[in-house]
Structures are given as structure tokens and as C-alpha cells.
Amino acid sequence: MSRRATEVERGGSFGRGAWIGLGAGTIVAALAVAAAVVLRRSPPTAPAPPTTSPGRTDASSRIDDSLPTTDRVEESAADLIRAGRLEEARHWHEARFPGELGPEERGRLLLASNEAQRVGSMDEALRCLTLLVESDPDPNPMSLVNRAQLHDQMGHREAALADLDRAEAADGRGGYAAAIAETRCHVLVQLFRFEEARAAARRYAEVGRVARQKHELLAEVHYVEGRLEDALAELERARETGSDALLSTDLAMAHLGLGHRDVALGLLEEAEGQATDPVERNMVIAGQAWAWLHPAAGAPDLERARRHLVRLEKGHPKRPLETCARAVFQSILGDHDRAAHLFGVCGRRWTNYPEFGLHYARSLRALGRIEEADHVRSIAARLRPELAARFE
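Conventions used here
Residues numbered from 1 in each chain as written. Predicted model: local features only at pLDDT ≥ 70, side-chain atom pairs only at ≥ 80, totals over all residues. Heavy atoms only, no water. Helix = DSSP H or I, 4+ residues; strand = E, 2+ residues; numbered from the N terminus. Buried < 20%, exposed > 50% of the residue type's maximum accessible area, 1.4 Å probe, protein only. Salt bridge = Lys/Arg side-chain N within 4 Å of Asp/Glu carboxyl O. pLDDT = per-residue confidence, 0-100. Contact = heavy atoms within 4.5 Å. Phe/Tyr/Trp six-rings, centres within 6.5 Å; stacked < 30°, edge-to-face > 60°. Lys NZ or Arg CZ within 6 Å of the ring centre and 35° of its normal. Axes fitted to C-alpha atoms, helices over the stretch in contact; angles between N-to-C directions. Parallel < 35°, antiparallel > 145°, perpendicular 65-115°, else oblique. Nonpolar A, V, L, I, M, F, W, Y, C, P; charged D, E, K, R; others polar. Disulfide = S-S within 2.5 Å. Expected span 1.5 Å × (residues − 1). Left-handed = near helix turned anticlockwise from the far one by under 90°. Core = buried A, V, L, I, M, F, W, Y, C linked by side-chain atoms within 4.5 Å.

(A) Geometry of the overall build of the protein chain. For the protein chain, the count of helices and strands is 21 helices and zero strands. When burial is assessed residue by residue, the protein chain has 57% of its 392 residues classed as buried.

(B) Expanded view of the pattern of salt bridges. Scanning the entire structure with this criterion turns up 27 salt bridges. Ionic pairing is found between Arg184 and Glu168, a salt bridge with its closest N-O pair at 3.3 Å. Of this pair, Arg184 sits in helix H9 (residues 177-190) while Glu168 sits in helix H8 (residues 157-170), and the two are 16 residues apart along the sequence. Here Asp230 and Arg227 are joined by a salt bridge, their closest N and O atoms 2.9 Å apart. Take Asp230: its relative accessible area is 32%, and that puts it in the partly exposed class. Given the relative accessible area of 33%, Arg227 is considered partly exposed. A single salt-bridge network, built from bridges that share partners, covers Glu195, Arg198, Glu225, Arg227 and Asp230.

(C) Layout of the confidence of the model for the protein chain. When pLDDT is averaged along the protein chain, the result is 79; 73% of the residues meet or exceed 70. In this model, residues 5-62 is a region of pLDDT below 50 whose contacts with residues beyond four sequence positions or in other chains number 162 contacts. Every residue in residues 89-98 scores below 50 in pLDDT, and together they form 20 contacts with partners more than four places removed in sequence or on other chains.

(D) Expanded view of the packing of aromatic side chains. Applying the stated criterion across every chain yields a total of six aromatic pairs. In this structure, Arg384 is placed above the aromatic ring of Tyr223, and the distance from its NZ or CZ to the ring centre is 5.0 Å.

(E) Just the environment of Ala233, in detail. Relative to the assigned elements, Ala233 resides in helix H12 (residues 228-239). Using a relative accessible area of 31% as the deciding quantity, one classes Ala233 as partly exposed. Separated by 18 residues in sequence, Ala233 and Leu251 place their C-alpha atoms 9.5 Å apart.

(F) Expanded view of the packing of H9 against helix H11 (residues 211-225). The geometry of H9 relative to H11 is characterised by a closest axis approach of 10 Å and an angle of 10° between their N-to-C directions. The orientation of H9 relative to H11 falls into the category roughly parallel. Residues Glu182, Cys185, His186 and Val189 of H9 form the contact with H11, whose own contacting residues are Gln213, Leu217, Glu220, Val221 and Val224. Within the contact of H9 with H11, the residues separate by chemical class into five nonpolar, two polar and two charged.

(G) The state of the cysteines, seen in detail. For the structure on display, the rule yields zero disulfides. Cysteine Cys346 shares no disulfide, and the gap to the nearest cysteine sulfur, in Cys324, comes to 3.8 Å. On the basis of relative accessibility, which here comes to 3%, the residue Cys346 falls in the buried class.

(H) Molecular detail of helix H7 (residues 141-154). With 14 residues, H7 should reach 20 Å at 1.5 Å per residue; the first-to-last C-alpha distance of 20 Å fits that figure. The element H7 is extensively covered by neighbouring structure, given that 14 of its 14 residues are classed as buried. Two residues or fewer past H7, Gly155 is found with a positive phi of approximately 90°.

(I) Geometry of the packing of helix H17 (residues 320-333) against helix H18 (residues 336-345). Packing of H17 against H18 leaves a shortest axis separation of 8 Å and a crossing angle of 160°. One finds that H17 runs roughly antiparallel with respect to H18. The hand of the H17/H18 crossing is left-handed. Where H17 approaches H18, its residues Thr323, Cys324, Arg326, Ala327, Val328, Gln330 and Ser331 are matched on the opposing element by His336, Arg338, Ala339, Leu342 and Phe343. Its residues assigned to classes, the contact of H17 with H18 comprises six nonpolar, four polar and two charged.

(J) Just the environment of His359, in detail. Inspection of the secondary structure puts His359 in helix H19 (residues 356-366). Relative accessible area serves as the criterion here: at 3%, His359 is assigned to the buried category. Taking the C-alpha atoms as reference points, His359 and Ser331, 28 residues apart in sequence, are found 6.6 Å from one another.

(K) Local environment of the nonpolar core. If you look at the biggest cluster of nonpolar residues, it comprises 87 residues, and the most contacted ones within it are Tyr223, Met253, Trp290, Leu321, Trp350 and Phe356. Setting aside anything within four residues of it in sequence, one finds Tyr223 in contact with Met1, Leu228, Ala231, Met253, Ala254, Asn352, Tyr353, Pro354, Glu355 and Arg384.

(L) Inspection of the side chain of His308 at higher detail. On the secondary structure map, His308 appears in helix H16 (residues 302-309). His308 has contacts with Ile285, Gln288, Ala289 and Trp292, leaving out every residue within four places of it along the chain.

(M) Expanded view of unusual backbone geometry. Even without a glycine there, the phi angle at Phe192 is positive, about 60°. Examined against the element boundaries, Phe192 turns out to sit in the loop between H9 and helix H10 (194-207).

(N) Here's a closer look at H17. An ideal rise of 1.5 Å per residue puts 20 Å on 14 residues; H17 measures up with 19 Å between its terminal C-alpha atoms. Of all 14 residues making up H17, 12 are buried, and the element is well covered by its neighbours. Within H17 the residues assigned to the buried category are Pro320, Leu321, Glu322, Thr323, Cys324, Ala325, Arg326, Ala327, Val328, Phe329, Gln330 and Ser331. Trailing H17 by a residue or two, Gly334 shows a phi angle of about 100°, which is positive.

Written as C-alpha cells, this is what we have:
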């Protein structure tokens, strides 16, 4: 499902980050506000030329499912760092911490981290945030939340929880309690620690200022766990305060999981009209394609799915809905090599929509990667047992 932004940052979806304030009244605070959106919702990179795989059919070849290139990641990050005059980011690549950085350097370092993530260099972004945090003897709690969210995106969930624990300990006045609780909920969902995730969502309800967010957090927990009716109920409560493309898409995904394709398609049509930027539009279009491929919603219709997939613009390869919808299409066509590659790019993010794992496992098995296939299928079957039992 999509993830909404934290209170500190507007826009985003389930699986995207939270945000940084490095001191009110400083230049860094202004830089943080300007840069905050990037970590959570990485804008599309420049399009890469379409690639083809041996054996792809004519229908498949008309879909540009190539991923943005990151061939120039190192050069782009280094250029940005040099432009910020950070003395090669204080021995950047060795991640040495020479002492406290000044406000201007810290602001530039934050922007460098955001740029590194934008071009897909997660390791560079993490090095930058680590320098930002560890060079400060008393790190701002939001800097730790920021790094926790990046750890979450990279699959380092225990490291993310450790940063959140540090942030909570440093947050004497509780000013960052909502961002900490929300981020903790997202991380715990990815670890399938659902009861703890619900506790974090309830903590957000106590301290958060965005009324709708508490329902969306609980919906995220319920949805991934497979409690689709409960997820739908929470999303409907959230909708009472207003709707947008993210919420309409989430409602559509819950209905799809229950086999309500027509209802889902109606919600996605509504969501497309609500989309405010290319990121949201891509998410909605991918949802429309997935509606015609979802195993709980009847037989797949490849032609209708293809009509939506060809409309997708290049996006960040780790956004699970658009990348995995392409992967499912390839899997059904029989191009299992391409499908497995696309699923693999998302890492564990496919579990945001557990049904994807059934197709992922099928493609891995077709490639002879039996141990991986069994592992992926065991996760999908745990989260969607009834669907897994009849899927083959």
C-alpha cells in the first residue's frame, strides 16, 4: 500500500521516509525544509534507454520496463559534494568523523545526501547521513529519524530501530514523538512484527496532529498482515476527513485483495483525477495495470494491463507498485528472467503488496532458484494463506 508522509513532510506513500530539522533559526533549518521531500519521495531520474530481454513477446516489447540508470552515481554525488566545498566531505568515502561540522556544512551535507539518494546511490546517502549524525556530539532527534528511514529503505530494519531508540532517548520534550512513532510503525510492519506495529500506530494516535494518519497507519498494518476487511474499515474512516490519490489507491488495493476488481478500478479512476504530480500518477497507473493482473480478482487480462503499463513514465526503480506490476506482467508472459530482475530491484518492498510474492516465487522456481523461491513463497503464503493455497 502507499505510505503517507510524516507530519514534518507532505506527500509520499507507505515505504517512504520522515524528516529533518537541524535547529530552528539556522540556515540548516531552511535547507532541511527545502530538501525534506527528497528522501521520502525520490523524484524520477533521467530515463534510461529501453532494454529488451531474449524471448520477450511483441506485447512485452511495447512496454518500457527498463529501469533508470545509475551509471553516473559516483560522479554525480562527488560533484555535488565538491560544489558544497566540504573538503571532499571530510574524507567522505572513509566515513571519518573529524569533529563537529558548522551549520552551513551540515546543510550542504544534507542536500548532498538527498541528491545521492535521488540518483539511486543509497550507500552514498547513508555515508552522508552517518557523517551528519556522528559528527554531532548531541545529534538532533530528527537527524536520527532521517537515518532510520534510510536504513528502512535499504532493508536495515534493526539498524533503523536502533536509530529510533536513540532518537526517542534524545527527544526530551517529545517534539519528535509523532515522527518516531510513525517511522517505527513502518519498520515493524516490514519485520512482520504486527502487534508492535499496532502499538506504534496507537502511540502516533496519542501524540500525532494529523487525525487521518492514525487510521492510515493501522490500515497499513492490517493490510500487510492480511486483515483486509479491517484495513478497509480504517481507510474508510480516514476518508471521512477527505481523500486524495494516495488514499483512493490504498482503498483500491484493499478492494482488489478482496476480489472487488470493478470497485477498485472505479477508485483508481478517481485517484488518477486526484494525482498532483508524476509520482502519484505513476502509482495510480501501476495500480490500474495490477487490477487486471491481481490473482484475487479473476483471470488476468494482459492486453488491458499492457494499455496501462505503456503509459508509465520512468520512476524510481524501488517503488514497489510500479516496478512489481511490470514484473508480474513479465512473469505471466513467461519472461521469468526479466520478472525476477524487476522483483529483485525492489528488495523486500514487494511485501507492501504480498500478492506480488506469489508471482515472484513462480518466476524464481522457473529459473531453478528453488531455495529463493521457497523463501519468497513462504512469506507470501504467511501473509495471504488462502490465496496462496489456490495459486498455481
